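Survey of secondary and tertiary structure
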Amino acid sequence: AIRTSLPELPDHRKARFADQYGLPDYDAGLLTSSRPTADFFESVLEARPSPNGPTAELAKSVSNWVLGELTRLLNATDTEIAQTRIRPGHLVELVELVKDGTLSSTMAKTVFEEMFDTGVAPREIVESSGMTQIGDADTIGLAIEEAVESNPQPVADYLEGKETALRYLVGQVMKITRGKANPQVATQLLEEKLDEM
């Protein structure tokens, strides 16, 4: 007799997601509450095979995208996950672009919406729109010079020990770079500049 393999039961799959991918029970429960969602999640993790299997960090990032932005857009457009234009490999690529600092999390959401609408790979969207996060110190340094020169009062406040002034100045740097500066790098360089004054 031919044995057909039965589809995995949701409870079993939930336990396996928590165990195999190190996901919180909450995430595992939501992902496995619908079979197409669970299938899509796993197909994303399988898009980048690695000898030791996907890391818990990757699984959590993918879970956040699937349960967050993807679910939101599917609901907003009344689309089933099986019909999504987002390719599993593209979602992994987006996670990698955030991890390596090419995109900020805000930029990534914009790219994700474009991926959802068009099915285009994130790297292509980033290259065609010129949307990359600025991480190099020289470029950010110029924006810091400008922010410091045009905001003498917040600079004075910071030098008098008002920490909140630093946040304001970082905000100005982000404004000058149109949100492209890496906020961690900007904060660190700004602190160094102000501490020299």
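Above this text you will find the structure in question.
I will try to describe carefully the structure that is included in this document.

Some words on helix α8 (residues 137-149)
Here α8 spans 18 Å end to end across 13 residues, near enough to the 18 Å set by a 1.5 Å rise per residue. Those residues of α8 that sit buried are Ile140, Ala143, Ile144, Ala147 and Val148. Across the axial projection of α8, the buried residues extend over an arc of 135°, all falling on one side. Facing away from the buried side of α8 by more than 90 degrees, the exposed set consists of Asp138, Leu142 and Glu149.

Observations regarding the environment of threonine 187
Within the secondary structure, threonine 187 sits in helix α11 (residues 183-195). Exposure remark for threonine 187: the relative accessible area of 25% places this residue in the partly exposed category. C-alpha of threonine 187 to C-alpha of valine 173: the two residues are 14 residues apart in sequence and 9.1 Å apart in space. In contact with threonine 187, not counting residues within four places along its chain, are Leu166 and Val170.

Things to note about the nonpolar core
Membership of the largest hydrophobic core comes to 36 residues, with the highest contact counts inside it found for Phe41, Val62, Leu70, Leu91, Leu94 and Leu103. Of all the elements in the fold, those that place two or more residues in this core are α1 (10-21), α2 (25-31), α3 (35-45), α4 (56-77), α5 (88-99), α6 (105-118) and α7 (122-129). Ranked by residue count, the leading element in this core is α4, at eight residues. For leucine 70, the residues in contact, after removing those within four places along its chain, are Phe40, Trp65, Ile81, Thr84, Ile86, Phe112 and Phe116. Formed by 18 residues, the second largest nonpolar core is a distinct cluster that contains Ala165, Ala186, Leu190 and Leu194.

Cut-off values and rules
Residues numbered from 1 in each chain as written. Predicted model: local features only at pLDDT ≥ 70, side-chain atom pairs only at ≥ 80, totals over all residues. Heavy atoms only, no water. Helix = DSSP H or I, 4+ residues; strand = E, 2+ residues; numbered from the N terminus. Expected span 1.5 Å × (residues − 1). Buried < 20%, exposed > 50% of the residue type's maximum accessible area, 1.4 Å probe, protein only. Arc of directions from axis to C-beta. Contact = heavy atoms within 4.5 Å. Core = buried A, V, L, I, M, F, W, Y, C linked by side-chain atoms within 4.5 Å.

What is shown is where atoms sit, not what they do.
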